[in-house]
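One-letter residues, chain by chain:
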Amino acid sequence: MSCGDCPDGRKFDLIKEFPEKTKQLNDFIDALDIGPDRNRNRGFLIESLHEAQHIFGYLPRSVQQFVADKLHLYLSEVYGVISFYSYFTDRPVGKYKISVCTGTACFVRGANAVLEEFKRLLVLENGETTPDRKFSLASLRCVGACSLAPVVMVNDQVYGKVTAKMVADIINECK
Amino acid sequence: MIDSVETLNKRVEALRRESLAATRILVSMGTCGIAAGAAPVLAELRRLLAERGLENTVEIVETGCIGQCYAEPSVEILNPESNSGITYGKVKVSEVSMIIDHLADVVPGLETVNKTWYYPEDEANADNRLQARIVLRNSGRIDPEKLEDYLKNRGYQALAKVLTGMSPAEVVKEITESGLRGRGGGGFPTGMKWSFAAAQPAGRKYIVCNADEGDPGAFMDRAVLEGDPHSVLEAMIIGGYAIGADTGIVYIRAEYPLAVKRLKIAIRQAEENGLLGKNIFGSGFNFKIELKYGAGAFVCGEETALIHSIEGKRGEPTFKPPFPAVSGLWGCPTVVNNVETYANVPAVIRRGAAWFRTIGTEKSPGTKVFALAGKVENVGLVEVPMGTALRDIIFNLGGGIRDGKQFKAVQTGGPSGGCLKADRLDTRIDYDTLTALGSMMGSGGMIVMDEDDCMVNIAKFFLEFTLDESCGKCTPCRIGNTRLHEMLDRICTGRATGDTINKLRNLAYAVKDTSLCGLGQTSPNPVLSTLANFEEEYEAHIRDKKCPAGVCTKLITYLINDNCVGCTLCARNCPVSCISGERKQKHVIDQDRCIKCGVCYQACKFHAIDRI
Amino acid sequence: MINLTINNMPVKVRKDSTILAAARKIGIKIPTLCHFELDCFSFEHRIGSCRICVVEVEGRRNLAPACCTPVAEGMVVKTNTLRAINARRTILDLILSDHPKDCLTCEKNGDCELQHLAGEMDLHHVLYEGKMSEYQLDLSCDAIVRDLDKCIMCRRCQSACNDVQTVGVLSGIGRGFRAVVGPADLMPLNESTCVFCGQCVIACPVGALTEQNCRYKVWRALNSGKHIIVQTAPAVRVAIGEAFGMRPGTVATGQLVAGLKLLGFDKVFDTDFAADLTIMEETTEFIERLTKNENLPILTSCCPGWVKFLEHQFPELLYMPSTAKSPQQMFGAIAKSYYAEKMGLKPEDVIVVSVMPCLSKKYEASREEFSPNGIRDVDIVISTRELANMFQEAGIQLNKLEPREYDHPLGESTGAAVIFGVTGGVIEAALRTAADWLSEKELKDVNFTAVRGSAGLKEATVKVAGIDVKVAVCSGLGNARRVLEKIRNGEARYHAIEIMACPGGCLNGGGQPYIHGDSSVLEKRAAAIYKADVDLPIRKSHENPYIKKLYAEFLGEPGSHLAHRLLHTSYKARGHLCEVKND
Ligand SMILES: Cc1cc2nc3c(=O)[nH]c(=O)nc-3n(C[C@H](O)[C@H](O)[C@H](O)COP(=O)(O)O)c2cc1C
Ligand code: SF4
Ligand code: SF4
Ligand code: SF4
Ligand code: SF4
Ligand code: SF4
Ligand code: SF4
Ligand code: SF4
Ligand code: SF4
Ligand code: FES
Ligand code: FES
Ligand code: FES
């Protein structure tokens, strides 16, 4: 099993590799009200992970361990939390993060056909990233733009009323 | 700094005098407005007003949602004097100049949208309008990023009233008497919840706002937070005073960046103006509000899971008792209420419990916001008094079914709810009538389905959602729902055997009966209610291996009949190129390669393709 | 007190009781799986997740889990309505639908709570079939096997590891159907900070966590023609009888020896001999540190679980533990030197097998510092349970055997050694010797009762030869962590501390017969240990004649150069084993 630190099959430690980013995370956590009480510190875990993912793009084991150490938590607790919340990922994601909304409103208006078309054209399963790390495909549940259903998000760009036919164009736009 | 009722009133006076603009242009800048293209429209408005030197007479207000999502981007021209105006829907950038040309009257040829609501606080007469706006009283009317706008609209008056003239017990009593029930799904009486927490010995207590809004297809909490964040803050401070808490926490899902941004602005403004912090209104009462973020887990909407999530743990629910009101966040008494519940509170306090009870039904006073979506014409938010008939919501406010199709069912309560058939359209909905019909109010998601929807597939969809979102802690939900889903999958793919319906029903009841938390206790509802209403559709799948709605791809075949004139349209559109045939000759589909996408079926203009 | 009725029978129980406890009071056993309780350590794992214990409570919409529903005045409970029975069967059905049903070849066969339940609950076939969880078998470490396909998500292991032991290796992972319990990223256990105490193993109701089975290695060794000897740890003799229907608390030393002889060991020795040796070395070190008043407190070092915990979690305190090896390793070292020499054998021709109440000992024996010249001091370690199983396979009916005596010279031991098996025992044994040595006279009353009992942390000030010696005794690593944190922060001062990883000490070790939450068994085992102590003629380690002989013939003085080479060790800071290495 890979630890997620090795995106190219080469092992490396994100924390050591990117001292600048590490410092940024370190400063963020230092600014929190961390004390000796593990239970209290845990209350800062999720925001620290949000920040860490924001900085590093994903949360490989070295980053998890770093956060665990800073908050005096067990690595297993940190991993338990990361693996629980779908927002967190311990694998690198693509440059273009394609999210197909499969919330109810989008579903009844044909989101599945859109998702299937993305899967077919990108040769990806839901939750996977292309080997060149250009595209990641995921489904998500309701971005709150149900009037535009079915909705697709590419990074922060929202596409509304998407049909299977539009999928190829959306992919082509990502250059 | 607003440190007393006097300074508050003076401030409001001054603000009223300041607003000189003869016309206000409201642009709805909620998530959904922005996604539909409101930003360029707004930019064009600003550019043209500047170009024409109108900046001082025309005021642009970036509001939150007005709820008419189907009409986004929308622009409202409002005359502040008469408080009347014109709303344009689906505005294009190219149309903006015409709108400015005709400030006072309707631009001929542009689509306008009718207001279907009234404000019970302003207008005694409902004027036969179906919607009554209490929760959304400010949404779409004020700039959510300006405290001044909120203050001008009775903002923080309720808080002033509470802190300068009511005891905590009186506040709890008022809320209890109003009959306000939690809008987060369960409909638990809010006053009772507050009284439990208030009765706990003094010490650390918390007020938590549940802004996790996880029901896919529901977005009313988002609209409130984006459109009127101060109303939630005001209510939380009132709640804190009532139960004796000095800290409030808003737990908000990370998928709502705009709501987060506006909440942060609102909190900062409240702090800067002394509405949060120490000694609010000189009453000696202190209160602070923090934000905590979700990270993508529906189950964290469940209150014990939410508390664990704030504590930085996995969002797994725990058995109740103890209830959060007794032992919640960090083991302290904690009140968890929904965004919409809070948004009601300032109005209740201002106008009194008796007023609130004049709206809605006996057992469910007030209004409910529904997120109307699916196959209706007018997708959006509607706020109606409890007890409004489903038909009014779907056919009057919702504008009926799209594309002239036939209404088939409506799902209320999201993945925990159930579906209702046409014969229930006249039901006047409130908490109790919906539960009696085997559905649920839930958070107010309302998904309309038409003849093209397969109810087995819908049930499977909802179950897939709960499976994905189950925390996996307890056996019935973790394994039971998986088995239910597998059975549904077998039905949809023609592999189910004769006794499947019975097995399905029995297991569904067992999962409901034994699950640990609300998620598992309600997750079989979509299965049970579709079974109750559409058993024949299940049987068609199982016995005849047919999907009557033509949705379950494994059970349908596309065949080209003799109507084919050989126009080649289908062949050119088929994504897997599995249709062959000479020009002007009858075409054929290679069934082995067909992925049943239905593109050809829709493309053919000669009704030459059968779906069987 | 609260009054309620269960199946129409009135019951009166304490206010904080659950339905489960109330039902038990009137003789109704409601099935449980996830619930786990050890009252002697006031430990309760009340998660309410398996739902096998649901019952009907009048006036409630849903069935209630008996294990975590508090009683209320006037409550009307029905445990056996058709609705409740069917629901429980459905739950069992669901559990089994995601469970490999290979009981006949399962390590837990015959001792599995799920299997027992299935036997009791009259389920004749599994109705709901579908996909099953599939995980990789974790065979990475020497102590424990994790087969998560069998995990039923009761989280008892997690509670044991995180809450009781505060090692924090195990966590819930993922969610929904893919939820499971394991170390971060499901990394192999040997890459984690696991100390192999095995508390998770004895908490697990099913075969998802079991020991690494070394029985076949022993069978092979017994048939290898080499000289094979066995040592038995103190806590084994008071527990092994349970596997043969003897009453808990039976001291079965003689039968144990007899059984081992029947199995075919060339010599049957006692770890207790080495425990006496440990006391000689450790007490010498203690007295030296005490008189110089440096490097105090001294920490005991005979529990490998605790030692590994210290190496991971408190690397800055590594100077504190005694450098003395554990009895198991001292035995091995002596067996492969002094004994081998005496027998005219080469060390590699002697096979040392240990029978231990412990799983961490399997790991300890494999630590590289205990393999001088590549020859392990202890070759094979089996647990009490494994030995019982070997007896069963060999048809040796322990309860029917005539007691026999240990062999010499490594079989003679004292009462001081036997109490190593219970929390407080090591310190008591050390005090018996220290008192004599410091005062240079013979202590009459050897019972230091202040350090006895099952409490997780015991403190006492003992007058030894006029000196007030402040000692502490911890069992359970959570208690150890609390004490160590205090010491690190300068909030507490002691002269000597005994630490045992397992709550209650080795008698509750990870390799002992399963007690399934019946903590009265532990109390009986403890009582048996103290009885064994009293029954022995010699109760002080330094009076063991064979120990005296060993020093006279071979080692010289306690703390001598040779003693140091053979009987002492060193510790290393471990940190996170999972650190990523650069290629
Ligand atoms: C699975 C599950 C999800 C829930 N999600 C939400 C949610 O997204 N928002 C919410 O306000 N309440 C949600 N609830 C209800 C909350 O548990 C809780 O009852 C509610 O926040 C209480 O507030 P109220 O009394 O104001 O309704 C959910 C409940 C369950 C069981
Ligand atoms: S019902 Fe589902 S979500 Fe709720 S505790 Fe059980 S597994 Fe978790
Ligand atoms: S259904 Fe789709 S795949 Fe099949 S023939 Fe028609 S267009 Fe091609
Ligand atoms: S589109 Fe219709 S008419 Fe044209 S070739 Fe296809 S089946 Fe025939
Ligand atoms: S864990 Fe228990 S039920 Fe499962 S296979 Fe082993 S003995 Fe049988
Ligand atoms: S119980 Fe039945 S299946 Fe098992 S060994 Fe005996 S005969 Fe065979
Ligand atoms: S053996 Fe001990 S330390 Fe290792 S996982 Fe089990 S309980 Fe935790
Ligand atoms: S490994 Fe055993 S103790 Fe741990 S959760 Fe699974 S079944 Fe329970
Ligand atoms: S206390 Fe005993 S059984 Fe437990 S780990 Fe330590 S030596 Fe092994
Ligand atoms: S369901 Fe897709 S945006 Fe709401
Ligand atoms: S316009 Fe605001 S929710 Fe749609
Ligand atoms: S024993 Fe009660 S829920 Fe598991």
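Because the structure is predicted, anything quoted here is derived from the model rather than measured.

### Side note on the pattern of salt bridges
(1) Moving on: Applying the stated rule across the entire model yields 91 salt bridges over all chains.
(2) Moving on: A salt bridge links B:Lys375 to B:Asp450; the shortest N-O distance between them is 3.1 Å. Residue B:Lys375 is located in the loop between β12 (367-374) and β13 (380-385), and its partner B:Asp450 is located in strand β18 (residues 445-450); the two are separated by 75 residues in the primary sequence.
(3) Moving on: C:Asp533 is the partner of C:Arg539 in a salt bridge, and the nearest nitrogen-oxygen pair spans 2.9 Å.
(4) Moving on: Among the charged side chains, a salt-bridge network with shared partners connects B:Glu121, B:Asp122, B:Arg141, B:Arg154 and B:Arg350.

### Topic: the domain arrangement of chain B
Accessible area lost when the parts come together is the quantity often used to give the size of an interface.
(1) Moving on: Each assigned domain of chain B is listed here: domain 1 (18-115), domain 2 (148-356), domain 3 (367-450), domain 4 (455-544) and domain 5 (557-611).
(2) Moving on: Relative placement of domain 3 of chain B and domain 5 of chain B: their C-alpha centres are 37 Å apart.

### What about the interface of chain B and chain A?
(1) Moving on: Listed as interface residues are 55 residues of chain B and, on the opposing side, 35 residues of chain A.
(2) Moving on: Between chain B and chain A, roughly 3500 Å² of surface is buried when both sides are summed, and carbon and sulfur atoms account for 61% of that area.
(3) Moving on: For the interface between chain B and chain A, the tally reads 2 salt bridges.
(4) Moving on: When the shortest N-O distance is used, the salt bridge between B:Lys292 and A:Glu47 registers 2.7 Å.
(5) Moving on: On inspection of chain B and its partner chain A, the count reaches 17 residue pairs in polar contact (both at pLDDT 80 or more).
(6) Moving on: Among the elements that line the side of chain B that touches chain A, the one with the most residues is helix α17 (residues 455-469) of chain B, at 8 residues.

### So, helix α1 (residues 5-18) of chain B
Residue and element names in this part refer to chain B.
(1) Moving on: When the terminal C-alpha atoms of α1 are compared, their 20 Å separation across 14 residues agrees well with the 20 Å that a helix rising 1.5 Å per residue should span.
(2) Moving on: Burial in α1 covers these residues: Leu8, Val12 and Leu15. Projection of α1 onto a plane perpendicular to its axis shows the buried side chains occupying an angular sector of 65°, all on one side. What points out from α1, more than 90 degrees from its buried face, is the exposed set Glu6, Lys10, Arg17 and Glu18.
(3) Moving on: At its buried positions, α1 is contacted by α5 (147-152) and α6 (157-165).

### Quick look at the site of ligand 5
(1) Moving on: Every residue near ligand 5 is listed here: C:His99, C:Pro100, C:Asp102, C:Cys103, C:Cys106, C:Asn109, C:Cys112, C:Leu114, C:Lys150, C:Val206 and C:Gly207.
(2) Moving on: Across the shell around ligand 5, the residue classes tally to 6 nonpolar, 3 polar and 2 charged.

### Overview of the site of ligand 8
(1) Moving on: Neighbouring ligand 8 are C:Cys151, C:Ile152, C:Met153, C:Cys154, C:Arg155, C:Cys157, C:Val181, C:Cys204, C:Pro205, C:Val206, C:Ala208 and C:Leu209.
(2) Moving on: Counted by class, the shell around ligand 8 contains 11 nonpolar, no polar and 1 charged residues.

### Topic: the nonpolar core
(1) Moving on: Ranked by size, the top nonpolar core spans 124 residues in total, and within it B:Tyr156 and B:Trp194 carry the most contacts.
(2) Moving on: For this core, the element with the highest residue contribution is helix α10 (residues 229-243) of chain B, accounting for 9 residues.
(3) Moving on: Apart from the residues lying within four places of it in its own chain, the contact partners of B:Tyr156 are B:Leu8, B:Leu147, B:Tyr150, B:Leu151, B:His230, B:Leu233, B:Glu234, B:Ile237, B:Ala270, B:Leu275 and B:Phe281.
(4) Moving on: Within the second largest apolar cluster, 83 residues are counted, among which are C:Leu92, C:Cys204, C:Ile279 and C:Leu359.

### Structural notes on a nonpolar patch on the surface
Residue and element names in this part refer to chain B.
(1) Moving on: On the surface, Phe188, Met192 and Phe196 cluster together to form a nonpolar patch covering roughly 270 Å² of accessible area.
(2) Moving on: Inspection of the secondary structure puts Phe188 in the loop between α7 (168-178) and α8 (190-199).
(3) Moving on: Classification of Phe188 as partly exposed rests on a relative accessible area of 36%.

### Some details on the sheet that holds β13(B)
All names here are of chain B.
(1) Moving on: Read across the sheet, 5 strands follow the order β13-β12-β18-β15-β16 without closing on themselves; strand pairing throughout is mixed. Whereas interior strands pair on both sides, the edge strands pair on one side only; in this sheet they are β13 and β16 (418-421). Going from strand to strand, the sheet's axes swing by 30° on average, the running direction of each strand aside.
(2) Moving on: Bridge count for β12 against β18 is 4 bridges, and the pairing is parallel. Of the residues in β18, the one forming a bridge with Gly374 is Val448.

Here is what the cut-offs are and how they apply
- Residues numbered from 1 in each chain as written.
- Chains lettered and ligands numbered in written order.
- Predicted model: local features only at pLDDT ≥ 70, side-chain atom pairs only at ≥ 80, totals over all residues.
- Heavy atoms only, no water.
- Salt bridge = Lys/Arg side-chain N within 4 Å of Asp/Glu carboxyl O.
- Helix = DSSP H or I, 4+ residues; strand = E, 2+ residues; numbered from the N terminus.
- Domains from an automatic or database assignment.
- Contact = heavy atoms within 4.5 Å.
- Buried area = accessible area lost by both parts, 1.4 Å probe.
- Polar contact = N/O pair within 3.5 Å; in protein donor to acceptor, adjacent residues only side chain to side chain.
- Expected span 1.5 Å × (residues − 1).
- Buried < 20%, exposed > 50% of the residue type's maximum accessible area, 1.4 Å probe, protein only.
- Arc of directions from axis to C-beta.
- Near = heavy atom within 4 Å.
- Nonpolar A, V, L, I, M, F, W, Y, C, P; charged D, E, K, R; others polar.
- Core = buried A, V, L, I, M, F, W, Y, C linked by side-chain atoms within 4.5 Å.
- Patch = residues over 30% accessible without salt bridge, like charges linked within 9 Å, V, L, I, M, F, W, Y side chains within 5 Å.
- Areas by Shrake-Rupley, 256 points an atom, 1.4 Å probe, with all protein chains shown as cover.
- Pairing = 2+ DSSP bridges.
- Axes fitted to C-alpha atoms, helices over the stretch in contact; angles between N-to-C directions.

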